[in-house]
Amino acid sequence: FEVDPALLHLPFVNRMTSLEQVREINAALSAIRAASDREDEAALVAAAVHGDENRKVEHFVSAWIKRCRFPPLPFEADEAAGVFPITSAAELSMKSLIYKNCTRSLHRLVDAIAGRSAYVAYELEGKPVGMAQLFNLTNGSWMVEGVYGVGNSRLAAEVQEPLRAWFAARGVHSLRRP
């Protein structure tokens, strides 16, 4: 595999403990760099090269990744329907605590920054109901992979249906699972 040469510095790489961690961190840093302007990108590289050698790499990456915004979705928030697209890594991290799910994991954040996936909060009367995970299809359209309740619980079909219908009215397809 290929490691980003701007980030391949021994003090930084030596803080990693496995090849899998190197792959994950490399993917995260590449996504961060791609989503950053030149000034932020230069600051990221400088921080990696000259940063605190005792700081865990995951903490370093987490701090930088939370600065990233996600590519826009083809629809806006709809307060009346309780539909709120999540627009940044910081917001997704915060919502993952509210929804008690794993969406703040590094690979999920990277996929959202890269535009491969997206997340939408479903809140009725201001209360968290569920979170939809969407995947970007090769033709540029989106598909709902699933709608998950708080704690990744299963949501009854009658709870999901208004959200799925809302997506369908905007051309977003849905996988149907038993």
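Residues numbered from 1 in each chain as written. Predicted model: local features only at pLDDT ≥ 70, side-chain atom pairs only at ≥ 80, totals over all residues. Heavy atoms only, no water.

1. Re the sheet that holds strand 4 (residues 142-149)
- Spatially, five strands are ordered 1-2-3-4-5 in an open sheet, and the strand pairing comes out mixed. Where the open sheet ends on each side, the last strands, each with one partner, are strand 1 (83-85) and strand 5 (173-174).
- Relative to strand 5, strand 4 runs parallel, the two being bridged by two bridges. Following the sheet pairing, Val-144 is matched in strand 5 by Ser-174.
- Strand contacts of helix 5 (residues 89-99): strand 1, strand 2 (117-124), strand 3 (127-136) and strand 4, with the helix running at about 130° to strand 3, the strand carrying the most contacts.
- Of the strands in this sheet, strand 2 and strand 3 are in contact with helix 6 (residues 106-113), which crosses strand 2 at around 100°. (Pairing = 2+ DSSP bridges. Helix = DSSP H or I, 4+ residues; strand = E, 2+ residues; numbered from the N terminus. Contact = heavy atoms within 4.5 Å. Axes fitted to C-alpha atoms, helices over the stretch in contact; angles between N-to-C directions.)

2. Considerations on the packing of aromatic side chains
- Counted according to the given criterion, the structure contains three aromatic pairs.
- Ring centres 5.2 Å apart and planes at 90° place the aromatic pair Phe-75 and Trp-166 in the edge-to-face group. Here the residue Phe-75 occupies a position in the loop between helix 4 (57-65) and strand 1, and Trp-166 occupies one in helix 7 (residues 157-168), the gap between them amounting to 91 residues.
- Of the residues examined, Trp-166 reaches a relative accessible area of 8% and is grouped as buried.
- Arranged with centres 5.6 Å apart and planes meeting at 80°, the rings of Trp-166 and Phe-167 form a pair that is edge-to-face. This pair shows no difference in class: Trp-166 is buried, exactly as Phe-167 is.
- Linked through ring pairs, Phe-75, Trp-166 and Phe-167 together constitute an aromatic cluster.
- The ring of Trp-166 carries the charged tip of Arg-170 above its face, separated from the ring centre by 3.8 Å. (Phe/Tyr/Trp six-rings, centres within 6.5 Å; stacked < 30°, edge-to-face > 60°. Buried < 20%, exposed > 50% of the residue type's maximum accessible area, 1.4 Å probe, protein only. Lys NZ or Arg CZ within 6 Å of the ring centre and 35° of its normal.)

3. Observations regarding helix 7
- Turning to helix 7, its buried residues number three or more, namely Gln-160, Leu-163, Arg-164, Trp-166 and Phe-167. Take helix 7 and look down its axis: the buried residues cluster within an arc of 155°, on one side only. Opposite the buried face of helix 7, by more than 90 degrees, sit the exposed residues Ala-157, Glu-158 and Ala-168.
- On its buried face, helix 7 sits against strand 1, strand 2, strand 3, strand 4 and strand 5. (Arc of directions from axis to C-beta.)

4. Examining helix 2 (residues 19-35)
- With 17 residues, helix 2 should cover 24 Å at 1.5 Å per step; its first-to-last C-alpha distance of 24 Å lies within 8% of that length.
- Looking only at helix 2, the buried set comprises Gln-21, Val-22, Ile-25, Asn-26, Ala-28, Leu-29, Ala-31, Ile-32 and Arg-33. (Expected span 1.5 Å × (residues − 1).)

5. Remarks on the environment of Ala-121
- Turning to its location among the elements, Ala-121 is positioned in strand 2.
- Expressed as a C-alpha distance, the spacing of Ala-121 and Tyr-99, which sit 22 residues apart in the sequence, is 9.0 Å.
- Excluding its chain neighbours within four sequence positions, the residues that come into contact with Ala-121 are Gly-82, Val-83, Phe-84, Ile-86, Lys-95, Tyr-99 and Gly-130.

6. Description of the packing of helix 2 against helix 6
- Closest axis-to-axis distance for the helix 2/helix 6 pair is 9 Å, and the angle between their directions is 30°. With respect to each other, helix 2 and helix 6 are oriented roughly parallel. Read as a crossing pair, helix 2 and helix 6 show a hand that is left-handed. Residues Glu-24, Ile-25, Ala-27, Ala-28, Ala-31 and Ala-35 of helix 2 pack against Leu-106, His-107, Val-110 and Ile-113 of helix 6.
- Taken together, the residues of the contact of helix 2 with helix 6 sort by class into eight nonpolar, one polar and one charged. (Parallel < 35°, antiparallel > 145°, perpendicular 65-115°, else oblique. Left-handed = near helix turned anticlockwise from the far one by under 90°. Nonpolar A, V, L, I, M, F, W, Y, C, P; charged D, E, K, R; others polar.)

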